[in-house]
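# Structural description and commentary
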Amino acid sequence: MRQGTHRELPPQWWRKAVFYQIYPRSFCDSTGSGVGDLRGIVSKLDYLQTLGIDGIWLSPVCASPQVDNGYDISDYCAIDPLFGSMEDMEELIREAAERKIAIILDLVLNHSSDRHPWFLEARKGRDNPYHDYYIWREGKDGCPPNDMRSVFGGSAWSYVPELGLYYFHQFSPAQPDLNWDNPKLRRELYDSILFWVKKGVRGFRLDVIDQIAKEPDSYITINGPKLHEYLRELSAACFQESSIVTVGEAWGANVERARQYSAADGSELSMVFQFEHMGLEQTDGSKWNRKPLYLPELKHCYEDWQQGLHGYGWNSLFLNNHDLPRIVSRWGDDGQYRVLSAKMLATMLYGMEGTPFIYQGEELGMTNISREIGEYRDLETLNYYEEARQAGLSHERIMDSVHSRSRDNARTPMQWSAAAQGGFTKGEAWMEVNENYTFINAESQTDREDSVFSYYRKLIRLRKEREIFTEGSFRLLLPEDERIFAYERESEREKLLVVCNFSGNEQTFTPSHEYETGRCLISNYGDLDKCLRPYEAYMIYVQKA
Ligand code: GLC
């Protein structure tokens, strides 16, 4: 018998839904261990219900040595004791369902932990039945089979002396890539997914799913030739219940591929998380090398995605996750205009078509951190520091990149109150809370009408009330303007105008006549003026005659 009951969910319910991503270790600690846990999440469900979300995407909570904070799984059907027990998980699913909140799990299917029993077996011998669950190659003249690099730095090949073979890993050596060409491996993965479906989980976020069909001999990591074949098989085996929602993380997706991933026949996924808008400030192909955001480029990027998927597929909408710096520090102003610019960025995004994902703390306007390297915990950041030092870059230059780009910006503990450690833990937090918790925290925002929290709450409500958000077409206004991001949505009976000032200066913008009699649905200043004030944003709605 299914434990969380969501039978009433209609197909494609997720088109009108808003999801909230929880990074469990940093969300709420109920035991004083310094690490967030499942019971901590249960204790905050009322908070999430107040915000108005429909689902929680939980970053991985399965058994893991935690080399990459759970993205290295050693048992797909067990809960890591760090986060609690299976009973805690069942309670979370049940308590969430009572509040009409669905639980979406994070599936890490591209690789396992090197402590997974499959890998421990696989490395015992070339004829071990699990050997072929992973990707092994002979070296060349005492060197790795080729010069492929891991995303986290260093070679993508690690040597196992007992076997005289190298195994392939796109991430750290503790995350060996699974061999999707092996049907037995695929079947075992599907069985573990079905285990969670039976428990009442309502969907999955699929970690780096466009990397599963790799062909390392041809240097292919993303979008391998068999990718869509595997996705269709996975979907047919695991996601056929109509209320299951699936979100594929796909760094390599373009509009055309996203149409295929999210095609309405449901043969692959519900939607993808794509990152084109997140890569616009990057140069030299490295996330650590930045250039300033050029607004027209961002606007055209959104235009392509909004128009390209309208009527063909489905978008996800996000500005933050556990791998990205905080958006208010990135595209907004985390000083004087923090509250206004956090609301402006939300307005820009929430007027669009797609399913929004809020990352914990975004609804409070949480910001980046700037710390000494010894205070960082993320292995990607620490590896980058070492490699960049070895390449001769100065400490200052490296730290400048770390401060703006490190994944730890998103991973500082959630700021619940002005109490010690932001109310996150009664012990010692695994990573220090951002010192601005004294004035940026949930307790001071939930009851305040003018808070970032209340603004998100209102945006979520608006999206549910009006069809235009899910159905309208998208038209970009002032495409080349470098400070104003304005667009229209239009359906048969409704029109929506969204206007955002991305600068700290006044701008001029006059809505066209048809909006004169329109209704202002939301505005971050609380009223409208003749000019656009710093970081001002609003939405005007009209019903057509
Ligand atoms: C994804 C996750 C990231 C993780 C990586 C390897 O990009 O979001 O946190 O490190 O995959 O699993």
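The written sequence of each chain sets the order in which its residues are numbered from 1. At least 70 in pLDDT is required for a residue's local features to be given in this predicted model, at least 80 for side-chain atom pairs to be given and counted, and no such filter applies to totals for whole chains, interfaces and linings, which use all residues. Hydrogens are left out, water is left out, and the side-chain values use all remaining heavy atoms of the structure.

Let's shift gears to helix α5 (residues 183-198). Three or four residues apart is the spacing at which side chains of an α-helix point the same way, because the helix has 3.6 residues per turn. The way it works is that DSSP assigns letters per residue, a run of H or I at least four long becomes a helix, a run of E at least two long becomes a strand, and they are numbered from the N terminus. One less than the residue count of a helix, multiplied by 1.5 Å, gives the span that helix is expected to have. The terminal C-alpha atoms of α5, which comprises 16 residues, lie 22 Å apart, in line with the 22 Å expected from a rise of 1.5 Å per residue. The classification of residues rests on relative accessible area computed with a 1.4 Å probe and restricted to protein chains. Under 20% of the type maximum is buried, over 50% is exposed, and intermediate values are partly exposed. Residues Leu185, Arg186, Leu189, Tyr190, Ser192, Ile193, Trp196 and Val197 constitute the buried set of α5. For α5, the angular spread of buried residues about the axis comes to 160°, placing them on one side. Residues of α5 that are exposed and angled more than 90 degrees away from the buried face: Pro183, Lys184 and Lys198. Capping the start of α5 is the job of one residue whose side-chain oxygen sits 2.8 Å from the backbone nitrogen of lysine 184: asparagine 182. Note that the arc is defined by the directions from the helix axis to the C-beta atoms. Any N or O atom pair separated by 3.5 Å or less is treated as a polar contact, with the protein-specific requirement of one donor-capable and one acceptor-capable atom, and with residues adjacent in sequence counted only for side-chain atom pairs.

So, about the side chain of aspartate 207. With respect to the helices, strands and loops of the structure, aspartate 207 is situated in the loop between β9 (203-206) and α6 (227-238). Exposure remark for aspartate 207: the relative accessible area of 7% places this residue in the buried category. Polar contacts involving the side chain of aspartate 207 include one to the side chain of arginine 205, which spans 2.8 Å. With sequence-adjacent residues up to four places away left out, aspartate 207 is seen in contact with Tyr71, Asp106, Leu107, Val108, His111 and Glu249. Should any heavy atoms of two residues lie within 4.5 Å, those residues are counted as being in contact.

Moving on, we get to the nonpolar core. Ranked by size, the top nonpolar core spans 149 residues in total, and within it Leu58, Met89, Leu234 and Phe485 carry the most contacts. Here this core takes eight residues from helix α10 (residues 338-350), the largest share from any one element. Here, nonpolar core refers to any group of buried Ala, Val, Leu, Ile, Met, Phe, Trp, Tyr and Cys residues whose side-chain atoms link them within 4.5 Å. Core analysis: the second largest hydrophobic core is formed by 11 residues, Ala486, Leu497, Leu532 and Val542 among them.

A few words on the pattern of salt bridges. For this document, the term salt bridge refers to a Lys or Arg side-chain nitrogen within 4 Å of an Asp or Glu carboxyl oxygen. Counted under the stated rule, the structure contains 41 salt bridges. Here glutamate 380 and arginine 407 are joined by a salt bridge, their closest N and O atoms 3.5 Å apart. A residue pair is termed long-range when its members are at least 10 positions apart, and glutamate 380 in helix α11 (residues 379-390) and arginine 407 in the loop between α12 (395-405) and α13 (452-465) qualify at 27 residues. For glutamate 490, the salt bridge is made with lysine 495, and the minimal N-O distance between the two is 3.9 Å. What emerges from the salt-bridge pattern is a single network uniting Asp68, Lys287, Asp323, Asp378, Glu380, Arg407 and Arg411.

Pairing between the strands of a sheet comes from backbone hydrogen bonds, and it takes one of two forms, parallel or antiparallel. The parallel open sheet is built from eight strands, whose spatial order is β11-β10-β9-β5-β2-β1-β15-β14. Lying at the two open borders of the sheet, with one neighbouring strand each, are β11 (271-273) and β14 (316-317). Here, a strand pair is defined by DSSP locating no fewer than two bridges between the strands. Note: strand β10 (residues 245-249) against β11, three bridges, orientation parallel. The residue of β11 that forms the bridge with glycine 248 is valine 272. The sheet strands contacting helix α3 (residues 86-98) are β2 (55-58) and β5 (102-107), and the helix crosses β5 at an angle near 140°. Convention adopted: a line fitted to C-alpha atoms gives each axis, helices being fitted over their contacting stretch, and angles between N-to-C directions are expressed from 0 to 180 degrees.

Mapped onto the elements, isoleucine 468 comes out in helix α14 (residues 468-471). For the pair formed by isoleucine 468 and serine 33, sequence separation is 435 residues and the distance between their alpha carbons is 46 Å. Setting aside anything within four residues of it in sequence, one finds isoleucine 468 in contact with Arg489, Glu490, Ser491, Glu494, Lys495, Leu496 and Tyr541.

Our focus in this paragraph is the domain arrangement of the protein. Domain parsing of the protein yields domain 1 (13-108 + 183-373 + 414-457), domain 2 (117-168) and domain 3 (472-543). Reported domain spans reflect what an automatic or database domain assignment gives. Between the C-alpha centres of domain 1 and domain 3 the distance comes to 28 Å. With 27 residues of domain 1 in contact, the opposing surface of domain 3 contributes 32 residues. Accessible surface is computed with a 1.4 Å probe, and the buried area is the amount of it that two parts give up when combined, taken over both parts together. Together domain 1 and domain 3 conceal approximately 2300 Å² of surface at their shared face, both sides included; 69% is due to carbon and sulfur atoms. Broken down residue by residue, the surface that domain 1 buries against domain 3 is led by Leu295, Lys299 and Met344, which jointly contribute 26%.

Summarising the element assignment, asparagine 368 is placed in the loop between β15 (355-359) and α11. Taking relative accessible area as the criterion, asparagine 368 reaches 15% and is therefore assigned buried. Every residue in contact with asparagine 368, bar those within four places of it in the chain, is listed here: Pro325, Arg326, Ser329, His403, Ser404, Asn409 and Asn434.

The axes of two packed helices give the description: the angle between them and the distance between them. Interaxial distance between α5 and α6 falls to 10 Å at its minimum, and their mutual angle equals 40°. The pairing of α5 with α6 is recorded here as oblique in orientation. Here α5 and α6 pass one another in a crossing that is right-handed. Here Arg186, Arg187, Tyr190, Ile193, Leu194 and Val197 of α5 come into contact with α6, specifically with Tyr230, Glu233, Leu234, Ala237 and Cys238. Under the scheme applied, nonpolar residues are Ala, Val, Leu, Ile, Met, Phe, Trp, Tyr, Cys and Pro; charged residues are Asp, Glu, Lys and Arg; polar residues are all the others, including Gly. Taken together, the residues of the contact of α5 with α6 sort by class into eight nonpolar, no polar and three charged. What sets the label is the angle itself: under 35 degrees gives roughly parallel, over 145 gives roughly antiparallel, 65 to 115 gives roughly perpendicular, and the rest give oblique. Take the far helix as your reference; a near helix turned counterclockwise from it by less than a right angle gives a left-handed crossing, and one turned clockwise gives a right-handed crossing.

Moving on to the environment of glutamate 386. The topology assignment puts glutamate 386 in helix α11. Each C-alpha atom of the pair glutamate 386 and cysteine 301 lies 34 Å from the other, and the pair is 85 residues apart in sequence.

Paired rings are identified among Phe, Tyr and Trp, the last through its six-membered ring, by centres lying within 6.5 Å, and are further divided according to the angle between planes into stacked (under 30 degrees), edge-to-face (over 60) and tilted (the rest). Taken as a whole and judged by the stated rule, the model has 34 aromatic pairs. A ring pair is formed by phenylalanine 19 and phenylalanine 357, whose centres lie 5.2 Å apart and whose planes are at 15°; its orientation type is stacked. Placement of the pair is phenylalanine 19 in strand β1 (residues 19-22) and phenylalanine 357 in strand β15, with a sequence separation of 338 residues. Of the two residues examined, phenylalanine 19 and phenylalanine 357, each falls in the buried class. Look at tyrosine 337 and tyrosine 535: their rings are 5.5 Å apart centre to centre, the planes differ by 50°, and that puts the pair in the tilted class. Of this pair, tyrosine 337 sits in the loop between α9 (327-330) and α10 while tyrosine 535 is found in the loop between β19 (519-523) and β20 (537-543), placing the two residues 198 residues apart along the sequence. Across the pair, exposure class does not vary: tyrosine 337 and tyrosine 535 are buried alike. Three or more aromatic residues joined by ring pairs make a cluster, and in this case those are Trp13, Phe19, Trp57, Trp251, Phe273, Phe275, Phe318 and Phe357. Charges are assigned to positions over rings by a cutoff of 6 Å between ring centre and Lys NZ or Arg CZ, combined with an angular limit of 35 degrees from the ring normal. In this structure, arginine 25 packs its charged tip against the face of tryptophan 430, placed 4.6 Å from the ring centre. Residue placement shows arginine 259 over the ring face of tyrosine 312; its charged tip is 3.7 Å from the ring centre.

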